[in-house]
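Given next are the chains, with one letter for each unit.
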Amino acid sequence: MRGETSSSNLKKSRRFSLQAPLTTITWMTENLHRHTVTERALQQIFNFNRKPADEDKDDDLSDSEDSVYSGLEDSGSDSEEEEGSDEEEGSDDDDDKMKEKKEGEVSEEKKKDEYEHDSSDEEDIRNTVGNIPMEWYKDFPHIGYNLDGKKIYKPIRNKDELDDFLDKMENPEYWRTVHDKQTGSDIVLSDDQVELVNRLQRGQFGDVNFNEYEPMVEFFSSDVMIHPVTNRPADKRSFIPSLTEKEKVSKLVHAIKMGWIKPRRVEDDGRGRYYNLWASEDSSILARHKMHLPAPKIPLPGHHESYNPPPEYLFTDEERALWEQQDPADRKLPFVPRKYSSLRQVPAFSQFIHERFERCLDLYLCPRQRKMRVNVNPEDLIPQLPKPKDLQPFPTTRSLVYRGHSGLVRSISVSPSGQWLASGSDDGSVRFWEVCSSRCMKTVQVGGAVKSVAWNPNPSVCLLAVALDSVVLILSPSLADKQVILSSERLLSAQQEGEEPAEGNGSVVWSEAEGEELNQGLRLKIQHPKAVHQVVWHAKGDYLASVMPDNTSHLQVYIHQLSRRRSQNPFSRNKGLVQCVSFHPIRPYFFVATQRSIRIYNLVKQEMTKKLQTNSKWISSMAVHPGGDHVICGSYDCKLSWFDLDLSTKPYKMLRHHKKAVRGVAYHRLYPLFASASDDGSVIVCHGTVYNDLLQNPLIVPVKVLRGHVMTHDLGVLDVTFHPTQPWVFSSGADATICLFT
Amino acid sequence: MSQIQARFFTEDKRYVVDDVPFSIPAASEVQDLSNVINKLLEAKNASHSKVDFDFLVRGQFLRTSLSTHMATEGISTVWPAIVLKLVWIYCIKILTGSYDKTARIWSTEGKPAMTVAGHTDVVKDVAWVKREGLTSLLLTASLDQTVLLWEWNSERNKVKARHCCRGHAGSVDTISVDPTGTKFCSGSWDKMLKIWSAVPTDEQDEIEEPADRPRKKQKTQQLGLTRTPLMTLSGHSEAVSSVLWCDSEEVCSASWDHTIRIWDVDTGGMKTTLTGSKVFNCISYSPLCRRLASGSTDRHIRLWDPRTKDGSLVLLSLTSHTGWVTAVKWAPSHAHQLVSGSLDNLVKLWDTRSCKAPLYDLAAHEDKVFCVDWTESGLMLSGGADNKLYTYRYSAQQAEA
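Residues numbered from 1 in each chain as written. Chains lettered and ligands numbered in written order. Predicted model: local features only at pLDDT ≥ 70, side-chain atom pairs only at ≥ 80, totals over all residues. Heavy atoms only, no water.

In the annotation of an unreviewed UniProt entry, chain B is listed under the name Ribosome biogenesis protein WDR12 and assigned to Haplochromis burtoni. Among the UniProt annotations of chain B, the heading Function (unreviewed entry) holds the following wording: "Component of the PeBoW complex, which is required for maturation of 28S and 5.8S ribosomal RNAs and formation of the 60S ribosome." On record in UniProt, under Subunit (unreviewed entry), the comment for chain B is "Component of the PeBoW complex, composed of BOP1, PES1 and WDR12. Within the PeBoW complex BOP1 interacts directly with PES1 and WDR12. The PeBoW complex also associates with the 66S pre-ribosome." (UniProt positions renumbered as here; feature names shortened; annotations may be inferred.)

The name that an unreviewed UniProt entry assigns to chain A is Ribosome biogenesis protein BOP1, with the source organism given as Haplochromis burtoni. Recorded under Function (unreviewed entry), the UniProt text for chain A is reproduced unchanged: "Component of the PeBoW complex, which is required for maturation of 28S and 5.8S ribosomal RNAs and formation of the 60S ribosome." Looking at the Sequence similarities (unreviewed entry) heading of the UniProt record, one finds this comment for chain A: "Belongs to the WD repeat BOP1/ERB1 family."

Turning our attention to the overall build of chain B. What chain B contains, in helices and strands, is three helices and 33 strands. Buried residues in chain B amount to 53% of all 401 residues. Contacts spanning at least 24 positions in sequence make up 45% of the contacts within chain B whose residues lie at least 6 apart. For chain B, the accessible surface area stands at approximately 17,900 Å², while carbon and sulfur atoms represent 50% of it. (Helix = DSSP H or I, 4+ residues; strand = E, 2+ residues; numbered from the N terminus. Buried < 20%, exposed > 50% of the residue type's maximum accessible area, 1.4 Å probe, protein only. Contact = heavy atoms within 4.5 Å. Areas by Shrake-Rupley, 256 points an atom, 1.4 Å probe, with all protein chains shown as cover.)

A separate point is the overall build of chain A. What chain A contains, in helices and strands, is 15 helices and 33 strands. Burial analysis of chain A (742 residues in total) assigns 42% to the buried set. Across chain A, every contact between residues at least 6 apart in sequence was considered, and the portion connecting residues at least 24 apart equals 53%. Accessible area of chain A: about 43,800 Å², with a carbon and sulfur share of 53%.

Next up on the list: the pattern of salt bridges. All names here are of chain A. By the definition in use, this model includes 15 salt bridges over all chains. Where Asp-426 meets Arg-410, a salt bridge forms, and the shortest distance between an N and an O atom there is 3.2 Å. Here Arg-410 lies in strand S6 (residues 409-414) and Asp-426 lies in the loop between strand S7 (420-425) and strand S8 (429-434), a separation of 16 residues in the sequence. A relative accessible area of 27% places Asp-426 in the partly exposed class. One network of salt bridges, in which partners are shared, links Glu-173, Arg-176 and Asp-191. (Salt bridge = Lys/Arg side-chain N within 4 Å of Asp/Glu carboxyl O.)

On to the environment of Gln-182 of chain A. With respect to the helices and strands, Gln-182 of chain A occurs in the loop between strand S3 (177-180) and strand S4 (185-188). Spatially, the C-alpha atoms of Gln-182 of chain A and Asn-131 of chain A are 8.8 Å apart, while their sequence positions differ by 51 residues.

Turning to the sheet that holds strand S19 (residues 250-255) of chain B, a few remarks are in order. All names here are of chain B. Reading across from one edge, S18-S19-S20-S21 is the order of the four strands in this open sheet, with antiparallel pairing throughout. The open sheet terminates on both sides in strands that have one partner only, identified here as strand S18 (240-247) and strand S21 (269-275). Averaged over all neighbouring strand pairs, the angle between strand axes comes to 20 degrees, with direction disregarded. (Pairing = 2+ DSSP bridges. Axes fitted to C-alpha atoms, helices over the stretch in contact; angles between N-to-C directions.)

Time to look at the UniProt feature "repeat: WD" (unreviewed entry) in chain B. Listed under "repeat: WD" (unreviewed entry) in the UniProt record, and renumbered for this structure, are residues 116-160, 165-197, 233-273, 283-305 and 318-354 of chain B. In residues 165-197 of chain B, helix accounts for 0% and strand for 61%; the two terminal C-alpha atoms are 9 Å from one another.

On to the interface of chain B and chain A, then. Put simply, an interface is often sized by how much accessible area is lost when its parts join up. Contacts between the two partners involve 21 residues from chain B, matched on the other side by 23 residues from chain A. Summed over both partners, the interface of chain B with chain A comes to about 1,800 Å²; 56% of that surface belongs to carbon and sulfur atoms. Here chain B and chain A share zero salt bridges between them. Partitioned by chemical class, the residues of the side of chain B that touches chain A number ten nonpolar, four polar and seven charged. (Buried area = accessible area lost by both parts, 1.4 Å probe. Nonpolar A, V, L, I, M, F, W, Y, C, P; charged D, E, K, R; others polar.)

This brings us to the confidence of the model for chain A. All names here are of chain A. Per-residue confidence for chain A gives a mean pLDDT of 76, with 79% of residues at or over 70. Here helix H4 (residues 63-74) stands out as the element of chain A with the lowest mean pLDDT, 39, in contrast to helix H9 (residues 243-258), whose mean of 92 is the highest. Segment residues 1-111: pLDDT under 50, and 191 contacts once partners within four positions in sequence are set aside and those in other chains are kept. Of the regions scoring below 50 in pLDDT, residues 497-504 engages in three contacts with residues more than four places distant in sequence or in other chains. (pLDDT = per-residue confidence, 0-100.)

Quick look at the sheet that holds strand S20 (residues 589-593) of chain A now. All names here are of chain A. With antiparallel pairing, the four strands of this open sheet are ordered in space as S19-S20-S21-S22. Edge positions in the sheet fall to strand S19 (580-583) and strand S22 (607-613), since each has one partner strand and no second. Across the sheet, the axes of successive neighbouring strands diverge by a mean angle of 20 degrees, strand direction being ignored.

Here the focus is the pairing of S19 of chain B. All names here are of chain B. Among the six residues in S19, six count as buried, and that is most of the element. The side-chain alternation of S19 yields two buried faces, one formed by Glu-250, Cys-252 and Ala-254 and the other by Val-251, Ser-253 and Ser-255. Note: S18 against S19, six bridges, orientation antiparallel. Within the sheet, the bridge partner assigned to Val-240 lies in S19 and is Ser-255. Connecting the antiparallel pair S18 and S19 is a turn made up of two residues. Across five bridges, the pairing between S19 and strand S20 (residues 259-264) is antiparallel. For Val-251, the partnering residue across the bridge sits in S20 and is Trp-263. Linking two consecutive strands that pair antiparallel, namely S19 and S20, is a turn of three residues; a positive phi of about 70 degrees is found at His-258 within it.

Considering soluble globular proteins, one finds that nonpolar side chains tend to be buried as a cluster. Residue and element names in this part refer to chain A. By size, the foremost hydrophobic cluster in this structure holds 22 residues, and its most contacted members are Val-430, Phe-432, Leu-464, Val-466 and Leu-475. With residues near it in sequence (within four places) discarded, Val-430 still touches Ser-423, Lys-442, Thr-443, Val-444, Val-446, Val-450, Val-453, Leu-464, Val-466 and Leu-475. Formed by 20 residues, the second largest nonpolar core is a distinct cluster that contains Leu-492, Val-508, Ile-526 and Tyr-558. (Core = buried A, V, L, I, M, F, W, Y, C linked by side-chain atoms within 4.5 Å.)

That bond from Gln-392 of chain A to Pro-393 of chain A is cis: its omega, 5 degrees, falls within 30 degrees of zero. On the secondary structure map, Pro-393 of chain A appears in the loop between helix H13 (378-381) and strand S5 (398-403). Positive phi values are uncommon outside glycine, yet Asp-714 of chain A reaches one of about 65 degrees. As for its position among the elements, Asp-714 of chain A is in the loop between strand S30 (699-707) and strand S31 (717-722). Residue classification places Asp-714 of chain A among the exposed positions, given a relative accessible area of 60%. Positive phi, normally seen in glycine, also occurs at Lys-191 of chain B, with a value near 75 degrees. Mapped onto the elements, Lys-191 of chain B comes out in the loop between strand S14 (183-188) and strand S15 (192-197). On the basis of relative accessibility, which here comes to 39%, the residue Lys-191 of chain B falls in the partly exposed class.

The structure is reproduced here in structure tokens:
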């Protein structure tokens, strides 16, 4: 291709060379072939503009100009070639001397030029000085440099004013000749170019064929069209993923995998572009910022604040009087709701300043402390207790009722074998019942309201202690094996042979029962100075404690030794009204419950070891766990407290299940059960497991409410006790019955 | 399912109907079925008088309409069979012990024949040993820790204490005579079981006499010859409430320690222990169906299989009582019937084939029922805290003071 063009150029140049030094003409023609139409048009305009100024100078064109013009004419009506050749002229005119010289170089130059401008679409850059005022070269022989850096010499201007004038007069082409300052040459415009200039001067489009008033096709109108603008169906390729893109992506993925491309690098901030302004700040200050407290919110206005409130919000006369009487701090509302027919008639709020001031005070004095609100499900706060069903056995139903008493049954006690039940009643009798058949086996009239009965816990003796008035009776009910009866008789009579009862402190008198009483089973009488309220046995069955509540004296508790018929008062000082006492089941401790506290005494060391605070107003009863480390205590203010002696002197647990005063409490000897009896006529049985592990607290679960007693004179259940071996509970009530719940 | 094909069988020759399927309306109840059978029998035999029948459907008593029964039992086809209500006949004398420290012998008509007095305390249990002609032997156990063996001559109506069995250290709550009538077993509150000979002899067993010789002598003179136990079975940890002989070599005992134990009398060892969850008041064994029935301090009667090896298996529980079950007794001649007494004043007759509800509630007592029994001929007896002894025929009841 290149070869062809060059050879054709060569031919051309040879032909032209005959007429004029056309070294660059052919080069231009080559070049111009590559110009686009628009560029050419611009160029033409450009050149045209410069032309009139040089018109005069063009007059003195050399001979060669003719040849140039002929050359142009030669090239025909092709405007492109024409223009190019126009521009060539100047440079050719520059130096005649060089012409021959250059001729030789033409072929070479052409090749070079052609090569250099192969891909160029720039404007005319034969003169490389650029767009500068050409006056700057006024004093120089040249007007610039060509691409090779060689000077472009000014064409020799031998035309003077006269020549110019003549030229003007004679040359018919003068009007269309323009001077190119940059190259210093004159150019004669063709008809087309002139036409173009004229059109542009008229403000018309350069292209003749361009119709600027073509009818408009309204593709986009305000009308909603049913059909798409184009009816062309979508290409298939718009539905299938592009293979090339896939290829590109896979290449990128591969490159990333191979480590050739680093996935976008994170801008490291190591250079310290950003820094923590408060890093060096004191942490305590920052902590204070964190504890920011929002200002208290103003309550939202309600119907009271309305200018036209519903009538129920308006104050009645009484309410208004009350409002006026009240201290401003106590008022529910800081203003009186008023009714106006329209908003226009609402006067200014007289309290405004005051209210703002109050608000400021609120903000200023608001407690600067954060309330930590804990979101806890209320269900989670309830301890996980086992179901009562899993804690069986415990008594659930009333199985037997022991009827026979005619007064309220104050006290009951079960024999250590579990076969017999003794009960003492206000009707002055002590009854013995067979547990399994509820048959009353024996009735002993003791002649006074029985306050307390207690069966001797020693299984090898069969004795019952009964407290009534100021006497403690020892009964031998003879409801046991003959050996047992014998041994208990022996225990009672042991002292008889020895010295007469030593009346240690005079106030207590021991006496033998005689005659009729002896047949009834009475064996001993212990006369006390005051009314006895409670008797209780030591686990071994030899010692017996009796309680005579008296606030004024220190003679409230006596401990009797049965085998030696001795009585002693262990306390020399009055520590309060003694309610009940109990022996520790194993160790030589003695529990004394006064009105509000329980004291534990060590009988061997004769000192107080512990004092339990019950937090209740009036203790009614107390029971010691068979293990000895736990105590329950019922009180007249409906509470039942469980003490863990190893844990604390405060109650481990307070149970407030009863509606009325708790009258009696009891532990089961074997099963983990305890029960409380109350004036509300119910017995509540609770499960209370005690663990050997000191770290584990006792598990206390209320399991059953037992009802069966009829309320009599506002009294319900008076005493409660467990069967020694079975999970059965007995309760005695004010309705003169005893119930067995199994 | 409006009609059901049914076939009727009976073991009673008098009431046999043709062995062909009958089409019966599904809604028919016992009374309707009974009418059908009566009609059939009348057609066969003009002299037939109307009888009320009961029906067993696959071993279960029919108590509702056929359709509902089938729905509950999951049966698709029914073949009812006739069961006759037998009329129990005459029986012999009844022996009772009571809290007034005496035992009494009654005729079935309710007349007291004899009062046996001798115990110093409440008589807890009584038992017949054997009858030979006009003399018979009987036993009474008492709270005074003795069991007395009496000989009763019915002709002269005289009773004589033959032996006084001493050895228990607690009240003797229960006695039971072995099937041969030569031995008996007693259970006591002192947790022991003792086996004694029931054969009266004229020799007094040697007893190691401790102190108080005169008093003891006085008693033996009063109450016949002293007898000591052949064997003592200990193992219970609580009072023994009931004993019985399963067969001639096996004794079964129930106790307050929630167990039923079966003992081998030959070796004196324990064979099986059945553990319950409540105190056992009473047990009964039926050699016909080889089941133990137990009554406990809850309201259930439980049936046990004493021969199971896989622990203590309650086969069935019969629940209808509302108080402690104090007495149960299997029918001596019927494999499925038992009678129970409870603290809720009711005596109930049960059929193990209809375990959901008792056959009959016998509401005669006005107070707690403490004992029930059958006579050999099938009369039911019950005694209670209202000081009355009732005998029941199967359908009619009669009360005796």
